[in-house]
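Spelled out, the chains give:
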Amino acid sequence: MKSIVIRQPNELVIEERDVPNPAAGEVRVKVKLAGICGSDSHIYRGHNPFAKYPRVIGHEFFGLIDAVGEGVSAERIGQRVSVDPVISCGHCYPCSIGKPNVCTSLVVLGVHRDGGFSEYAVVPERNAWAIPDSIQDQHAVMIEPFTIAANVTGQVSPTEQDVALVYGAGPMGLVTVQALKGVYKVKQVIVVDRIPERLMMAERSGADWTINNSEFSLPDMLAEKGIKPTLIVDAACHPTILQEAITLASPAARIVLMGFSGDPSSVIQQGITGKELSIFSSRLNAHKFPVVIDWLKNGLVDPEKLVTHEFDYRDVTDAITLFEKDQKRCCKFLLTFAK
């Protein structure tokens, strides 16, 4: 089989490897589609501190189960499945309180263990979620990105009374916008970014108001309309954002931090306690695949609004290069492994 392997930073090859056999409790997935994420690019370029090399990247993938290991029902063979990349122990403290996404022995497919950019991938059976026939392949491969939004919104319980401010109109900001508007019917969603084309994507995803903060002052724009957001999502992850969010937030608001930044943020504590703000963080997903499958079955979100490119997997280097260089036109990229 062919596998996309990062041998070391900046060295990507397509290797011929043996087709793996599933061990007890595992299934083998014949991969049909996989999505490129920013974290795949970071591993390729050596910017992911968690990655170990060599590594088959890819944590967003969909396909068919074609073999099962001991203890797995043969009835699963032939099932269409989307794979949850989060592998957890199930018994540590985070797992015991429903947060397997921060398991003390966390393993993420495509990061700590070989992932889905391959013609075949072996995964734990419990991580292979059966996809209803009503959900098309191109939507099924997009379940994992939407689980990020499901994890964020699951923590802060948005309501129709909320005025939400989303920093960043990249893929993770956009899936969050779709969840806020399509699932939770939030009263108003405001998106701020510095790329006009990304703001147009946000409008297509349901944003009520977009602001280019390279041209306008976000605090001034909100003050002019008397808006104090009750829910703020940082999907841009710049260290200056947290203090600005604290300043802009309504009393009793919730603030959610996504992603990683190694740079420190300077925060005035009085702004948090004076308004009794709640600050959350969100990483990966905690058993959110069934949630997103339900969203798709009910037409509450639309992955097609995010997919901008599709490549044959053999053109993966060109795909990642374009993904990195053209933030104006590029959002989600899909790689095709099998028809």
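Note that the structure is a prediction, hence the values are computed from the model and not measured.

A. Local environment of unusual backbone geometry. With an omega dihedral of -5 degrees, the bond running from Tyr53 to Pro54 counts as a cis peptide bond. In this structure, Pro54 sits in the loop between helix H1 (38-44) and strand E4 (55-56). Here the phi dihedral of Asn10 falls at roughly 70 degrees; this positive angle occurs in a residue that is not glycine. Here Asn10 lies in the loop between strand E1 (2-8) and strand E2 (11-16). A positive phi angle, close to 50 degrees, is found at Leu284, a residue other than glycine.

B. A look at the nonpolar core. Judged by nonpolar contacts, the single largest core of 44 residues is most densely connected at Ile4, Ile36, Phe61, Phe117, Val123, Leu335 and Phe337. In terms of residues, this core owes the most to one element, strand E3 (residues 26-36), which gives five residues. Apart from the residues within four sequence positions on either side, Ile36 is in contact with Glu60, Phe117, Ala319, Ile320, Phe323, Lys332, Phe333 and Leu335. Among the nonpolar cores identified, the runner-up in size contains 42 residues, and Val191, Val233, Cys331 and Leu334 belong to it.

C. Just the pattern of salt bridges, in detail. Taken as a whole and assessed by the stated rule, the structure comprises 17 salt bridges. Here Arg7 ties to Glu15 by a salt bridge, and the two come within 3.0 Å at their closest N and O atoms. Ionic contacts of the salt-bridge type, sharing partners, join the residues Arg7, Glu11, Glu15, Arg17, Arg55 and Asp114 into one network.

D. Highlighting the environment of Phe146. Relative to the elements of secondary structure, Phe146 occurs in helix H4 (residues 143-156). Residue class for Phe146 comes out buried when judged on its relative accessible area of 0%. Residues Phe146 and Gln188, 42 residues apart in the sequence, show an inter-C-alpha distance of 20 Å. Not counting residues within four places of it along the chain, the set of residues in contact with Phe146 comprises Val175, Gln178, Val292, Trp295, Val301, Asp302, Pro303 and Leu306.

So, how was this worked out
- Residues numbered from 1 in each chain as written.
- Predicted model: local features only at pLDDT ≥ 70, side-chain atom pairs only at ≥ 80, totals over all residues.
- Heavy atoms only, no water.
- Helix = DSSP H or I, 4+ residues; strand = E, 2+ residues; numbered from the N terminus.
- Core = buried A, V, L, I, M, F, W, Y, C linked by side-chain atoms within 4.5 Å.
- Buried < 20%, exposed > 50% of the residue type's maximum accessible area, 1.4 Å probe, protein only.
- Contact = heavy atoms within 4.5 Å.
- Salt bridge = Lys/Arg side-chain N within 4 Å of Asp/Glu carboxyl O.

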